[in-house]
Amino acid sequence: MTALSAYDAPQIGAQAARAGLEFIAATIRTGDGRVIGEVTMRDVGCGTVIAGAASQVADEALPAWRNGGETFLTWLGEWRKAGRIRPAAANALRELALAPALPDLSEWTFVCLGASAELSPARTLLALGARVAAVGRPASPGVRALTSYAATTAGTLFLPPSGVGDVVDDPGAIAGWAAQLPGRLVVVDTLYAPGSQFLLAAAGADVVERLLIEARPDIALAWYGTPTDAYFLLDLAPRTRFGTGALAHAVTAYAKVRRLEPARKPGVSATGQGAARQGIHNALCNGNNGIQRGAYAGCSDGDSAPTVSACACSADGDSTHVRATHTGSEGDVHGDHGANVYNGFIDVQGPNYAAAKRIGRWRATVEQAAGRVVSYNVGPLARTESVLSSRALRAAYAGLERLGMPPLDAAAAAELMAGLLVWDITHPAPIAPDFLTDKAIDCGLFTSSYRPNDLMAAAVLLGADGFVRRGTRSGRSH
């Protein structure tokens, strides 16, 4: 997947991304045997509407970028100075914070895929008085909690009919329900699932997006990226030190002893759409480690489990060195850009995570090139429930904070990402050529000298040391 990032970047053109979507559409199948490119919209009715009881937006419910005042602006300045948030993101959030009025979202209805996820913008949007359509499993505790919250706000929540809401089981039904919603639609994809289920969810979400694009051409689309992915970066120089004093020396020594790999990759040559298609095939269908054909919601020998393999691709792929030399009507960029490919993958997330995130990036790249309103912003490392449930990840995140790359609490991260989404939707043009990364809140990972995967080991040691020292101090106090 690192190799793909050298030539599916939007700065180069949309042809590789388009080839990737075509490959997915023709390769993954539903439970009834159809490839997902053949799935059509299905009319399922209107569902339920919950109008919030509040007559106006409550100040205390607003996100920090509206009610945080000087405290928020100071934090924003500190993070910008430290290189943890890119200037365009800081400028957008500052503009929202200083605006004389709340952003006007009355034109829009936000269709949130994975509406109850910890990083979903649904709660913030409802607090702002927006219309939100929640896609998720209706019986889940998260959807029930969101329903209760919506009733207290000035927003309006739309829920699909009973039995509709799973993007893996029936994306055509979700698209059919969403297509008849009022206002101009924004589809926001914040879906996540463990392992191969994430790949299935990403493929199902792309079906929903494709169908809604066909039915509602004025649609806008939004995704949240992750700093633990691979990106084509042209304007960020890696830092040479982490921290100061003894900590900086310790990290440098660790890097030498462990022979840590650099976070940026050099390249060799690959050209044109044919090379793009071949690279996608190699990454996603590499021998026995690929996506199995008939793998979407299909079953094998009567078994009810999905037949997607546990490994959709290797994190780096077979070939990590690619030169972007596309020619023609798209991708008029030449020369060796491989040295600017940032490799942020970490092993613990697994290859299915990498492949799932790439599907959204391909759709974003294709639709941005087609002139649609697209929001794609890289979110910060966040202390979500899945992170906090892992002792190793808790230690790693604590260590990253000591290295000057602090993660954020999930609620704070969700508010910031909702702010960038709102800014993008209310400022649709012009869009930067590097729109995948220009408003990133990467916590400093983009300027890492070493691969984040390698840094994680050092971070775990630093974080575990912190836990031990805190535990020792706690024991002495009793």
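Computed from a predicted model, the values in this text were never measured in an experiment. (Residues numbered from 1 in each chain as written. Predicted model: local features only at pLDDT ≥ 70, side-chain atom pairs only at ≥ 80, totals over all residues. Heavy atoms only, no water.)

Asks: What is the right way to read the pattern of salt bridges from this model?
Replies: A side chain with one charge can pair with a side chain of the opposite charge if their charged atoms come near. All chains considered together, the criterion is met by 14 salt bridges. The partner of Asp229 in a salt bridge is Arg361, and the shortest N-O contact between them spans 3.2 Å. Separated by 132 residues along the polypeptide, Asp229 in the loop between β6 (220-225) and β7 (230-232) and Arg361 in helix α11 (residues 351-369) bring together distant segments of the chain. The two residues Asp229 and Arg361 agree in class, both being buried. Among the ionic pairs, Arg383 bridges to Glu401, the shortest N-O distance being 3.0 Å. Linking Arg383 in strand β13 (residues 382-383) with Glu401 in helix α13 (residues 391-402), this pair joins segments that are 18 residues apart in sequence. Given a relative accessible area of 24%, Arg383 falls into the partly exposed group. When salt bridges with common partners are traced through the structure, they connect Asp8, Asp229, Arg358 and Arg361 into a single cluster. (Salt bridge = Lys/Arg side-chain N within 4 Å of Asp/Glu carboxyl O. Helix = DSSP H or I, 4+ residues; strand = E, 2+ residues; numbered from the N terminus. Buried < 20%, exposed > 50% of the residue type's maximum accessible area, 1.4 Å probe, protein only.)

Asks: I keep staring at the environment of Ile359 and nothing clicks. Help me out?
Replies: Along the chain, Ile359 falls in helix α11. Sequence separation between Ile359 and Ala203 is 156 residues; the distance between their C-alpha atoms is 7.1 Å. In this structure, Ile359 is in contact with Leu21, Ile24, Leu199, Ala202, Ala203 and Asp206, ignoring residues within four places of it in sequence. (Contact = heavy atoms within 4.5 Å.)

Asks: Looking at this structure, how should I read the pairing of strand β12 (residues 373-378)?
Replies: The side chains of a regular strand alternate between both faces of the sheet. Within β12, six of the six residues are buried, leaving the element largely enclosed by the surrounding structure. Where β6 lies against β12, six bridges are found, and the strand directions are parallel. In the strand pairing of β12, Trp223 is matched with Tyr376. (Pairing = 2+ DSSP bridges.)

Asks: It is not clear to me how the sheet that holds strand β1 (residues 48-51) should be interpreted in this structure. Could you clarify?
Replies: The strands making up a sheet associate through hydrogen bonds between their backbones, and the pairing can be parallel or antiparallel. Strand order in this open sheet of seven strands is β1-β4-β3-β2-β5-β6-β12, and the pairing throughout is mixed. Two strands bound the open sheet, and with one partner strand each, they are β1 and β12. Across the sheet, the axes of successive neighbouring strands diverge by a mean angle of 20°, strand direction being ignored. Those strands touched by helix α6 (residues 141-150) are β1, β3 (131-135) and β4 (156-159), and its axis lies near 145° from that of β4. (Axes fitted to C-alpha atoms, helices over the stretch in contact; angles between N-to-C directions.)

Asks: Any chance you could explain the confidence of the model for the protein here in plain terms?
Replies: Detailed reading of predicted coordinates is not advised where the pLDDT is low. Chain-level statistics for the protein give a pLDDT mean of 82 and a share of 80% at 70 or above. Here residues 267-272 is modelled with pLDDT under 50, and outside its nearest four sequence neighbours on either side it reaches 17 contacts, counting other chains as well. Low pLDDT, under 50, characterises residues 286-338; the predicted model gives this stretch 149 contacts beyond four residues in sequence or across chains. (pLDDT = per-residue confidence, 0-100.)

Asks: Could you clarify how one ought to interpret unusual backbone geometry in this entry?
Replies: Generally, phi is negative for residues other than glycine and the peptide bonds are trans, each holding for most cases. Despite not being glycine, Cys443 has its phi angle at roughly 60°, a positive value. On the secondary structure map, Cys443 appears in the loop between α14 (410-426) and α15 (452-476).

Asks: Looking at this structure, how should I read the pairing of β6?
Replies: Of all the six residues making up β6, six are buried; the element is thus mostly covered by neighbouring parts of the structure. With burial as the criterion, each face of β6 is covered, one bearing Ala220, Ala222 and Tyr224 and the other bearing Leu221, Trp223 and Gly225. Judged from the four bridges that link them, strand β5 (residues 184-189) and β6 form a sheet pairing that is parallel. Looking across to β6, one finds that Asp189 is bridged to Trp223. Tracing the backbone out of β5, into helix α8 (residues 196-215) and back to the parallel element β6 gives a crossover that is right-handed. (Right-handed = clockwise from strand over helix to strand, strands pointing away.)

Asks: Just checking my understanding: could you explain the side chain of Ser375 for this structure?
Replies: Position of Ser375 relative to the elements: it lies in strand β12. Taking relative accessible area as the criterion, Ser375 reaches 2% and is therefore assigned buried. Within polar-contact distance, the side chain of Ser375 engages the side chain of Asn377 at 3.3 Å. Only 2.6 Å separates the side chain of Ser375 from the side chain of Asp424, close enough to count as a polar contact. (Polar contact = N/O pair within 3.5 Å; in protein donor to acceptor, adjacent residues only side chain to side chain.)

Asks: Help me understand the packing of helix α3 (residues 69-81) against helix α4 (residues 87-98) in this model?
Replies: Two packed helices can be described by the angle between their axes and the distance between those axes. Look at α3 against α4: their axes get within 10 Å of each other, and the N-to-C directions meet at 170°. Considering their axes alone, α3 and α4 lie roughly antiparallel with respect to each other. Contacts from Phe72, Leu73, Leu76 and Arg80 of α3 reach α4 at Pro87, Ala90, Asn91, Leu93, Arg94, Ala97 and Leu98. Tallied by class, the residues present in the contact of α3 with α4 amount to eight nonpolar, one polar and two charged. (Parallel < 35°, antiparallel > 145°, perpendicular 65-115°, else oblique. Nonpolar A, V, L, I, M, F, W, Y, C, P; charged D, E, K, R; others polar.)

Asks: Honestly, the packing of aromatic side chains in this entry has me stumped. Any pointers?
Replies: Think of a pair of aromatic rings as described by two things: how far the centres are apart, and how the planes are tilted against each other in angle. Counted according to the given criterion, the structure contains seven aromatic pairs. Through a chain of ring-to-ring contacts, the aromatic side chains of Phe72, Trp75 and Trp79 assemble into a single cluster. The ring of Tyr149 has Arg123 sitting right over it, with the charged end atom 4.0 Å from the ring centre. (Phe/Tyr/Trp six-rings, centres within 6.5 Å; stacked < 30°, edge-to-face > 60°. Lys NZ or Arg CZ within 6 Å of the ring centre and 35° of its normal.)

Asks: Which parts of the structure should I look at to understand the nonpolar core?
Replies: Across soluble globular proteins, nonpolar side chains have a tendency to be buried as a group. Of all hydrophobic cores here, the largest spans 143 residues; its most connected members are Phe110, Val111, Leu125, Leu157, Leu212 and Leu403. If you tally residues by element for this core, the top one is α8, at twelve residues. Excluding residues within four positions of it along the chain, Leu212 makes contact with Met41, Ala175, Ala178, Ala179, Leu185, Val187 and Ile219. (Core = buried A, V, L, I, M, F, W, Y, C linked by side-chain atoms within 4.5 Å.)

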